[in-house]
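These are the residues of each chain, in order.
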Amino acid sequence: EVGSLCLRCHEKGTTRLLMLDIPHFREIVLMAFECPHCHERNSEVQFAGLIGEKGRKYALRVEEGDLRAMNRQVVKSDFATLRVPELEFEIQAGTQKAQLTTVEGIMSSAAKNLAAGQEERRQQYPEVAEKIDAFVAKLELCAEAKMAFSVEVDDPSGNSYVESYSQDPSQDEKLAITYYERTREQSEALGLKVSEEEAQAQAEAQAEGEGERVEEVPEISPDDPYHGPNSRGIVAPGSSVARGDSAFAVERALGKYTSPEEVMSFPGTCHACGEDAETRMFVTKIPFFGEVIVMSNSCDKCGCKSSEVKPGGGVSEKGHKIRLNVTDEIDMNRDVIKSDSSSVAIPALDLTTSLGAMGGLVTTVEGLLKEIEKTMKSTGRFQIGDSASDDDKEKWNEWFGKFTDLFSLKEPFVIELDDPLGHCFVTPLEDKIEDDDRLTVEEYERTPEQDLEYGITQMKLNQELEAKDDIDA
């Protein structure tokens, strides 16, 4: 709690702050102000994280009589535009403060705000007031779920959110989530710096596709690697595939394979305090996997330490899908490298993570399960917290109880890692992976959309252009 000035009576009021972690989203700060003198009250939402890598667009379908859908939580940022296509109703970006509400709250507050000045309108503009009354009646029907409608939230900053009632948001039949690249104008409106090279490349791309372009913002597949609250960094060839909370944590995890022949040191910068810090790096090889680069950073000023692993060499020609049948403690202790570009599927839990969820990890099978359980509990407060219904709490508690069965190996289960870049790894028990009857590695051709997403299409195009220039020369 902090003391704040009341703008209405100019007396001292109280502002309460609450940090909240939204499931499948990110952290936000709820601020509520109350004045004991004039009883003025208001609330506001601010975002504790950074602007998302890409914009988000949510499309929710509410059927007539679906009261449960009306209770879905909605976070609307300052940069979000909200639309109800059936009513041709739109709340433009910047016209309202960021807020945490529900679908019902959006519709009822819109009806209340429109009806605020109706008495004056009836006297001055009776025809306009009559039309507004009819429109407010439709909003009230929507707020009571007495008519079907759709809600669209389009946010270039990626800081808006609509609650999903499915453990995997991509499986929610009533909710569609789309990710898209921001235009230069949208980036500038968010206060982001756009380099001249990026602006020129974007202008050329827009000029090339101007004849075929239907929408101003290019949309991307729902399997976007930036989905989820815990995606980290830029997912591209050469990106991080592991993280550690302390220096040399990852080195110790991989040290059993090969010792570094040479450890290189070079000046770096501490990401916590911005002071100069030494960065150490060495290259090692993992059997059946390939070359990796281990990096660690240690700051003498603030004591912050971090480490990460990046894949060395080129990008695999094909994607990899690893399937492991876990039957005993030996399987639980197998080493696992999960990259930033991979997804994890556990059929026993009916769980499939999106590409890049939880970032990169160097761990074991048991450690991967614990990380998934920890992530789901930390992001599931709407489903298991005080605001959840008894049915939701019972369903989620039963689902979390399945983790106990997996840890105790009550029954064998399967873990699948799917990585379009082929940067995942699970330790085999035999000298040849083919001889390990519990572990299978399947290679597959990447789709054109995946090649485009990870920049492989551009690399192939550049190679073709260079080859053509050599021939012409």
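All of these numbers come straight from a predicted model, not from anything done at the bench. (Residues numbered from 1 in each chain as written. Predicted model: local features only at pLDDT ≥ 70, side-chain atom pairs only at ≥ 80, totals over all residues. Heavy atoms only, no water.)

Observations regarding the packing of helix α2 (residues 103-114) against helix α4 (residues 126-143)
In step 1: At their nearest, the axes of α2 and α4 sit 8 Å apart, and the two run at 160° to each other. Judged on the interaxial angle alone, α4 and α2 are roughly antiparallel. In this structure, α2 meets α4 at a crossing whose hand is left-handed. For the pair α2 and α4, contact is made by E104, M107, S108, A110, A111 and L114 and by I132, F135, V136, L139, E140, C142 and A143, respectively.
In step 2: Taken together, the residues of the contact of α2 with α4 break down into 10 nonpolar, one polar and two charged. (Axes fitted to C-alpha atoms, helices over the stretch in contact; angles between N-to-C directions. Helix = DSSP H or I, 4+ residues; strand = E, 2+ residues; numbered from the N terminus. Parallel < 35°, antiparallel > 145°, perpendicular 65-115°, else oblique. Left-handed = near helix turned anticlockwise from the far one by under 90°. Contact = heavy atoms within 4.5 Å. Nonpolar A, V, L, I, M, F, W, Y, C, P; charged D, E, K, R; others polar.)

Side note on the environment of E163
In step 1: Topologically, E163 is positioned in the loop between β11 (161-162) and β12 (175-180).
In step 2: C-alpha of E163 to C-alpha of L175: the two residues are 12 residues apart in sequence and 8.8 Å apart in space.
In step 3: Side-chain polar atoms of E163 contact the backbone nitrogen of Q73, separated by 2.8 Å. (Polar contact = N/O pair within 3.5 Å; in protein donor to acceptor, adjacent residues only side chain to side chain.)

Side note on the environment of A137
In step 1: By the element assignment, A137 lies in helix α4.
In step 2: Overall, A137 belongs to the partly exposed group, its relative accessible area being 35%. (Buried < 20%, exposed > 50% of the residue type's maximum accessible area, 1.4 Å probe, protein only.)

Notes on helix α11 (residues 390-407)
In step 1: Relative to the 26 Å expected for 18 residues at 1.5 Å per residue, α11 spans 27 Å between its end C-alpha atoms, a close match to the ideal helical length.
In step 2: For α11, every residue scored as buried is listed here: D392, W396, W399, F400, F403 and L406. The arc that holds the buried residues of α11, viewed along the axis, is 90°, so those residues lie on one side. Facing away from the buried side of α11 by more than 90 degrees, the exposed set consists of D390, D391, E394, N397, E398 and T404.
In step 3: L409 sits one or two positions beyond α11 and adopts a positive phi of about 55°. (Expected span 1.5 Å × (residues − 1). Arc of directions from axis to C-beta.)

Focus on the packing of aromatic side chains
Centre-to-centre distance and the angle between the planes together describe a pair of aromatic rings.
In step 1: One pass over the full model with this rule turns up eight aromatic pairs.
In step 2: Summarising the aromatic geometry, the rings of W396 and F400 are spaced 5.9 Å apart at their centres and angled 40° between planes, so their arrangement reads as tilted. Taken together, the residues span about one helical turn, with W396 and F400 both in helix α11 at a distance of four residues.
In step 3: Residue W396 is classed as buried on the basis of its relative accessible area, which comes to 2%.
In step 4: Taking the centre distance of 6.4 Å and the plane angle of 35° together, the rings of F403 and F407 count as tilted. (Phe/Tyr/Trp six-rings, centres within 6.5 Å; stacked < 30°, edge-to-face > 60°.)

A word on the sheet that holds strand β9 (residues 99-102)
In step 1: Here we have three strands laid out as an open sheet, ordered β9-β6-β11, and antiparallel in their pairing. A single partner strand is all that each edge strand has here, and the edge strands are β9 and β11.
In step 2: Here four bridges tie strand β6 (residues 73-76) to β9, and the two strands are oriented antiparallel to one another. Bridge pairing in β9 places V75 opposite L100.
In step 3: Contacting β6 and β9, α2 runs over the sheet at an angle of about 100° to β9. (Pairing = 2+ DSSP bridges.)

Functional significance is not addressed by these values, which are geometric in nature.
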